[in-house]
Amino acid sequence: MMPVRLQWSRILCRSHLRQTCVPLTRNDLSQPVRYRTESKVVRSPFSDVQIPENLIDEFVWSGLERWSDKDALVCGITNRKFTYYETRQACKRFAASLKKRGATPGQVFAVLLPNVPEFAIVSLGAIEAGLAVTTINPIYTPFELAHQLKDSGASGVVTIPELLPKVFEAWQLMNEPGVKPLYIISVNGKGPRPDGAWDFEEMLDPMVDTSILKKSRSNSDVAFMPYSSGTTGLSKGVSLSHRNLLANIVQSTHPEINHFYDTTGNYQDVLPSILPFYHIYGLTMVLLRGLSYGCKLVTLPKLESESFLNILINHKATLLYVVPPIVLLLGQNKNVTHEHFQSVRVICNGAGPVKEVDAEKVLARTKNKNVRFCQAYGMTESSPTVFVSRNSSLFDYLTVGPPLSNTLARVVDPTDDTVEYGPGETGEIQVKGPQVMIGYHNNPEATANTLSPEGWLSTGDIGYYNDKKEFYIVDRIKELIKVQGYQVPPAELEGLLRTHPAVLDAAVIGVPDDRTGEAPLAYVVLDPDRPTASEADMKAFVAERVAPYKQISAGVRFVESLPKSAAGKILRRLLKEEYEKTKTTK
């Protein structure tokens with residue numbers, strides 16, 4: 001299912017928009033004056049589900065006795081594996097070791113790992129110890145690491161030896177009065193323990209006393225804190241409670257949208273775990289939900305086509321949760337044949353748009369009319385899933401489906417959310433349900449700007465719904481740039497560019513890119529009193545400080561000034577209009 005917000009405008013052809021749509025322009029999002037009459041809130045067509053009252057780790061292990069001897073986690077590279085029983089025992093020992101070493105309930109614990117089996121052990125173990133887990137992208141630079149570690153208030157971090165130098169550098173950047181010491185744990189396999197870090201393997205020693213573990217938190221407490229840019233601005237910690245995550249997992253079990261089969265003595269679903277676990281999509285829909293169903297999760301530290309395709313055949317994958325680059329790989333790679341889909345039932349795309357033709361290319365490769373391709377929509381702030389297309393929607397690849405069980409949705413005027421729109425009328429989508437976050441960590445202003453007092457979450461996405469309560473996303477009003485499903489906040493890159501000694505001012509917009517969906521393009525005002533700088537200088541400066549997907553890959557344009565409002569806000573809309581004009585004249 002799909003976390004994060006999407007720009008679906010390129011996948012929706014005009015024939016899918018009803019003629020009754022209220023006109024809405026990209027420039028000012030203006031609509032004819034409307035007056036609120038009866039409520040047009042859309043209720044889920046699915047029956048409500050009961051949300052468990054236990055903690056997320058308790059829920060994950062609730063079916064353990066039925067599949068304790070089955071493989072839970074398998075490394076797709078080394079074939080290193082843990083059965084469910086072994087995974088459960090390892091989580092207990094890790095949790096007890098954390099508590100023995102001073103971890104206390106409510107502390108934040110950072111997980112900086114690629115997709116490896118140990119990710120599940122450290123995350124669920126930390127939660128069992130009463131901690132809240134913040135997940136971090138392994139490709140982050142030391143600058144980005146320092147921001148999240150400091151902002152989240154992390155007391156400890158777990159990583160692999162290859163990433164330790166970045167962690168130590170990030171700690172040096174944070175090492176200032178008032179910042180708490182950071183303990184570091186290294187998952188180094190059978191290798192020697194690195195200096196300055198605790199050894200993960202030692203913490204799993206069978207002699208560890210697990211009797212010290214006591215339930216110390218409620219399901220209203222924060223379990224995970226992934227980071228998201230929301231609808232705008234710098235990345236913020238999204239506080240997700242145990243109940244938020246449990247709600248989203250059980251909401252996805254309704255028969256009309258459920259993709260999983262029950263694990264039995266003779267059957268086990270197999271999920272290639274290629275979506276990063278640090279991202280809410282991979283975390284909730286693959287890791288947590290997969291383990292709660294007794295599935296076999298085959299992990300890949302990074303997407304490599306040969307390894308991924310080998311997993312599909314060798315492990316007989318049954319479910320594929322994917323993002324657009326994987327859809328393109330499956331539909332275009334010459335090595336993909338129908339044999340790779342021999343056991344696959346469902347392919348679910350999220351985190352970014354795919355064109356209808358790309359979905360059909362994949363289905364043509366399967367040579368199996370029973371394989372279903374579906375779309376879903378969600379965001380980090382909703383744990384993530386909000387809409388999922390019905391299993392019966394075999395040929396409509398563009399709808400993201402109706403609201404999940406226990407979920408309300410509405411379409412409102414982007415400038416006045418007291419004005420609600422009906423079927424076929426276009427506006428901003430807002431959602432409400434038990435999966436919606438507690439709020440942004442230590443950021444009440446951002447929380448108030450996103451969550452209403454009544455609990456409505458503003459998505460920042462423009463769309464409409466039809467008479468069957470199926471939603472379509474057609475545009476977005478926020479300024480985030482979506483690069484291969486990742487969120488890139490323009491403000492972050494602008495702030496970074498302005499630290500360059502030759503730069504007076506900067507603005508960044510997202511422009512279409514065939515390979516990544518969108519790409520950042522920078523407009524830079526140089527300081528005439530400083531030595532000049534080139535486009536290559538700007539790109540190199542940014543590349544050193546941000547992850548690869550945030551780099552200004554669409555280029556740099558040097559300008560004399562930037563368009564701004566009377567309040568001094570950058571008018572990125574005008575820059576986008578200027579970009580479109582220059583593109584059409586070339």
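Presented here is an overview of the structure given in this document.

About the cut-offs
- Residues numbered from 1 in each chain as written.
- Predicted model: local features only at pLDDT ≥ 70, side-chain atom pairs only at ≥ 80, totals over all residues.
- Heavy atoms only, no water.
- Buried < 20%, exposed > 50% of the residue type's maximum accessible area, 1.4 Å probe, protein only.
- Helix = DSSP H or I, 4+ residues; strand = E, 2+ residues; numbered from the N terminus.
- Pairing = 2+ DSSP bridges.
- Right-handed = clockwise from strand over helix to strand, strands pointing away.
- Axes fitted to C-alpha atoms, helices over the stretch in contact; angles between N-to-C directions.
- Contact = heavy atoms within 4.5 Å.
- Core = buried A, V, L, I, M, F, W, Y, C linked by side-chain atoms within 4.5 Å.
- Phe/Tyr/Trp six-rings, centres within 6.5 Å; stacked < 30°, edge-to-face > 60°.
- Lys NZ or Arg CZ within 6 Å of the ring centre and 35° of its normal.
- Polar contact = N/O pair within 3.5 Å; in protein donor to acceptor, adjacent residues only side chain to side chain.
- Disulfide = S-S within 2.5 Å.

## Brief notes about the pairing of strand β15 (residues 346–349)
Turning to step 1, where the next piece is worked out: Alternating positions in β15 separate into two faces, Val346 and Cys348 on one and Ile347 and Asn349 on the other, with burial throughout.
Turning to step 2, where the next piece is worked out: Inspection of the sheet shows strand β14 (residues 319–322) paired to β15 by four bridges, in the parallel sense. Among the inter-strand pairings, Tyr321 is bridged to a residue of β15, identified as Cys348.
Turning to step 3, where the next piece is worked out: At this point the chain moves from β14, through helix α11 (residues 324–332), to the parallel β15, and the crossover so formed is right-handed.
Turning to step 4, where the next piece is worked out: Sheet topology note: the β15/strand β16 (residues 372–378) ladder contains four bridges and is parallel. In the sheet register, Ile347 faces β16, and the bridge partner there is Phe373.

## Some thoughts on the sheet that holds β14
Turning to step 1, where the next piece is worked out: Ordered in space as β14-β15-β16-β17, the four strands form an open sheet in which the pairing is mixed. The open sheet terminates on both sides in strands that have one partner only, identified here as β14 and β17 (385–388). With strand direction ignored, the average angle separating the axes of adjacent strands in the sheet is 25 degrees.

## What to know about the environment of Phe373
Turning to step 1, where the next piece is worked out: Considering the arrangement of structural elements, one finds Phe373 in strand β16.
Turning to step 2, where the next piece is worked out: For Phe373, a relative accessible area of 1% puts it in the buried group.
Turning to step 3, where the next piece is worked out: In this structure, the C-alpha to C-alpha distance between Phe373 and Ile347, residues 26 residues apart in sequence, is 4.8 Å.
Turning to step 4, where the next piece is worked out: If we ignore the near neighbours within four places in the chain, the residues touching Phe373 are Val327, Ile347, Asn349, Val354, Ala359, Leu363 and Tyr397.

## What about the nonpolar core?
Turning to step 1, where the next piece is worked out: One finds Phe94, Leu98, Phe109, Leu291, Phe308 and Leu330 to be the most contacted residues of the largest nonpolar core, which totals 165 residues.
Turning to step 2, where the next piece is worked out: Ranked by residue count, the leading element in this core is helix α9 (residues 280–292), at eight residues.
Turning to step 3, where the next piece is worked out: Not counting residues up to four positions away in its chain, the partners in contact with Phe308 are Pro272, Ile274, Leu300, Leu303, Leu320, Ile326, Leu329 and Leu330.
Turning to step 4, where the next piece is worked out: Among the nonpolar cores identified, the runner-up in size contains ten residues, and Val511, Tyr523, Ile570 and Leu575 belong to it.

## Some details on the packing of aromatic side chains
Turning to step 1, where the next piece is worked out: On inspection of all chains with the given rule, the structure shows 15 aromatic pairs.
Turning to step 2, where the next piece is worked out: Centre to centre, the rings of Tyr183 and Trp198 are 4.7 Å apart; their planes meet at 10 degrees, and the pair counts as stacked. In this pair, Tyr183 is assigned in strand β7 (residues 183–186) and Trp198 in strand β8 (residues 198–199), connecting sequence segments 15 residues apart.
Turning to step 3, where the next piece is worked out: Geometrically, the ring pair formed by Tyr261 and Tyr267 is tilted, given 5.9 Å between the ring centres and 55 degrees between the ring planes.
Turning to step 4, where the next piece is worked out: Given the relative accessible area of 43%, Tyr261 is considered partly exposed.
Turning to step 5, where the next piece is worked out: Put simply, the rings of Phe94, Phe109, Tyr183, Trp198 and Phe200 touch in pairs and so form one group of aromatic residues.
Turning to step 6, where the next piece is worked out: Sitting above the plane of the Trp198 ring, Arg101 keeps its charged end 4.9 Å from the centroid.
Turning to step 7, where the next piece is worked out: Here Arg345 stacks its cationic end above the ring of Tyr261, 3.5 Å away from the centre of that ring.

## Here's the deal with unusual backbone geometry
Turning to step 1, where the next piece is worked out: The amide bond that connects Ser383 to the next residue, Pro384, takes the cis arrangement and shows omega of 20 degrees.
Turning to step 2, where the next piece is worked out: Position of Pro384 among the secondary structure elements: in the loop between β16 and β17.
Turning to step 3, where the next piece is worked out: In this structure, Lys316 takes a positive phi of about 55 degrees despite not being glycine.
Turning to step 4, where the next piece is worked out: Here Lys316 lies in the loop between α10 (305–314) and β14.
Turning to step 5, where the next piece is worked out: Not every positive phi belongs to a glycine, and Asn406 is a case in point at roughly 65 degrees.
Turning to step 6, where the next piece is worked out: Positionally, Asn406 belongs in the loop between β17 and β18 (408–413).
Turning to step 7, where the next piece is worked out: On the accessibility criterion, Asn406 (22% relative accessible area) is partly exposed.

## Brief notes about the environment of Arg390
Turning to step 1, where the next piece is worked out: By the secondary structure assignment, Arg390 is in the loop between β17 and β18.
Turning to step 2, where the next piece is worked out: Measuring from C-alpha to C-alpha, the distance between Arg390 and Cys374 comes to 8.2 Å, with 16 residues separating the pair along the chain.
Turning to step 3, where the next piece is worked out: Not counting residues up to four positions away in its chain, the partners in contact with Arg390 are Pro45, Phe46, Glu256, Ile257, Arg372, Pro402, Lys468 and Glu470.
Turning to step 4, where the next piece is worked out: A polar contact of 3.3 Å, which involves the side chain of Arg390, links it to the side chain of Glu470.

## Comments concerning helix α8 (residues 242–251)
Turning to step 1, where the next piece is worked out: Taken across its ten residues, α8 has nine buried, putting it largely inside the fold.
Turning to step 2, where the next piece is worked out: By the burial criterion, the buried members of α8 are His242, Asn244, Leu245, Leu246, Ala247, Asn248, Ile249, Val250 and Gln251.
Turning to step 3, where the next piece is worked out: Buried residues in α8 make contact with α1 (56–60), α4 (118–128), β9 (222–224), β11 (236–241), α9 and β17.

## Notes on the pairing of strand β2 (residues 71–75)
Turning to step 1, where the next piece is worked out: Most of β2 sits out of view: five of its five residues are buried.
Turning to step 2, where the next piece is worked out: In the sheet, β2 pairs with strand β3 (residues 81–83) via three bridges, with the strands oriented antiparallel. Bridging from a neighbouring strand, Asp71 pairs with Thr83 of β3.
Turning to step 3, where the next piece is worked out: Connecting β2 to the antiparallel partner β3 that follows it, the hairpin turn spans five residues, and Asn79 within it adopts a positive phi of roughly 65 degrees.
Turning to step 4, where the next piece is worked out: Bridging between β2 and strand β13 (residues 296–299) involves three bridges; their strand directions are parallel. Residue pairing in the sheet places Cys75 in a bridge with Thr299 of β13.

## Comments concerning the state of the cysteines
Turning to step 1, where the next piece is worked out: Per the counting criterion, the structure on display carries zero disulfides.
Turning to step 2, where the next piece is worked out: Summary of cysteine pairing: Cys91 is not part of a disulfide, and the nearest cysteine sulfur, belonging to Cys295, is at 16 Å.
Turning to step 3, where the next piece is worked out: Lacking any disulfide linkage, Cys374 is separated from the closest cysteine sulfur, that of Cys348, by 3.4 Å.

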